[in-house]
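So you can see what is in the structure, the chains are spelled out below.
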Amino acid sequence: MADTTVRSGRKAARPLPLFGETPEGELARLREAIDRVDEVLVKLINQRVRYAIEIGAMKRVTRQAIHSPEREREVLANVSRWSGGPLDADAIRRVFELLISESRRIEAELAAEEG
């Protein structure tokens, strides 16, 4: 039987059961599952950015700054707290820092277009 032990950055996980007929079949099944998760993630990320765009529009109406450090700290604290692994809280935080940065960039671009 093939070694199906998965290794994370910290410790070895238990061997995974093979649901396919072969290790290659199992690899294909797992890759398909990741593709489905990636598709959902992309849709959710884009929805998050759409909400950020709406917030940016409301900030312009109320003459608030695009960057809200207090809210950003709150979001980063939340996602760090919600991280249950295997990615640690710092890794999740970095992902969200990038999402926030890109959302802020898009908000700024839209504000500049509106003049």
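Our subject is the structure that appears above.
Residues numbered from 1 in each chain as written. Predicted model: local features only at pLDDT ≥ 70, side-chain atom pairs only at ≥ 80, totals over all residues. Heavy atoms only, no water.

## A look at the packing of helix α2 (residues 69–82) against helix α3 (residues 89–114)
Direction vectors running N to C along α2 and α3 enclose 145°, while the axes themselves pass 9 Å from each other. The crossing of α2 and α3 is right-handed. Here α2 contributes Glu72, Val75, Leu76, Ala77, Val79 and Ser80 to the contact with α3, which in turn contributes Ala89, Ile92, Arg93, Phe96, Glu97, Ile100 and Arg104. Class assignment of the residues belonging to the contact of α2 with α3 gives a composition of eight nonpolar, one polar and four charged. (Axes fitted to C-alpha atoms, helices over the stretch in contact; angles between N-to-C directions. Helix = DSSP H or I, 4+ residues; strand = E, 2+ residues; numbered from the N terminus. Left-handed = near helix turned anticlockwise from the far one by under 90°. Contact = heavy atoms within 4.5 Å. Nonpolar A, V, L, I, M, F, W, Y, C, P; charged D, E, K, R; others polar.)

## Overview of the side chain of Lys59
Counting through the fold element by element, Lys59 comes out in helix α1 (residues 23–61). The buried charged residue Lys59 lacks any salt bridge partner; its closest oppositely charged side chain belongs to Glu107, at an N-O distance of 4.3 Å. From its side chain, Lys59 meets the backbone oxygen of Ile66 in a polar contact 2.6 Å long. Ignoring anything within four residues of it in the chain, the contact list for Lys59 reads Gln64, Ala65, Ile66, Ser68 and Glu107. (Buried < 20%, exposed > 50% of the residue type's maximum accessible area, 1.4 Å probe, protein only. Lys, Arg positive; Asp, Glu negative; His and termini not counted. Salt bridge = Lys/Arg side-chain N within 4 Å of Asp/Glu carboxyl O. Polar contact = N/O pair within 3.5 Å; in protein donor to acceptor, adjacent residues only side chain to side chain.)

## Some words on the layout of surface pockets
Roughly 350 Å³ of internal volume is contained in the largest pocket. Surrounding the largest pocket, 15 residues form its lining, Ala52, Ile55, Lys59, Arg71 and Glu107 being those nearest its centre. Put simply, the parts of the chain that give the lining of the largest pocket at least two residues each are α1, α2 and α3. The element contributing the most residues to the lining of the largest pocket is α1, with five residues. Residue composition of the lining of the largest pocket, by class: six nonpolar, three polar and six charged. (1 Å grid on protein atoms, 1.4 Å probe; cavity = no way out; pocket = protein on both sides within 12 Å on 5 of 7 lines; lining within 4 Å. Points joined across faces, edges and corners; volume = space filled by probe spheres on them.)

## Focus: the environment of Val49
Within the secondary structure layout, Val49 lies in helix α1. When residues no more than four places from it in sequence are discounted, the contact partners of Val49 are Ser103 and Ile106.

## What to know about α1
Since one α-helical turn is 3.6 residues long, residues separated by three or four positions face the same way. Relative to the 57 Å expected for 39 residues at 1.5 Å per residue, α1 spans 57 Å between its end C-alpha atoms, a close match to the ideal helical length. For α1, the complete set of buried residues consists of Glu26, Val49, Ala52, Gly56 and Lys59. Next to the buried residues of α1 lie α3. Arg63 lies just past α1 and shows a positive phi near 55°. (Expected span 1.5 Å × (residues − 1).)

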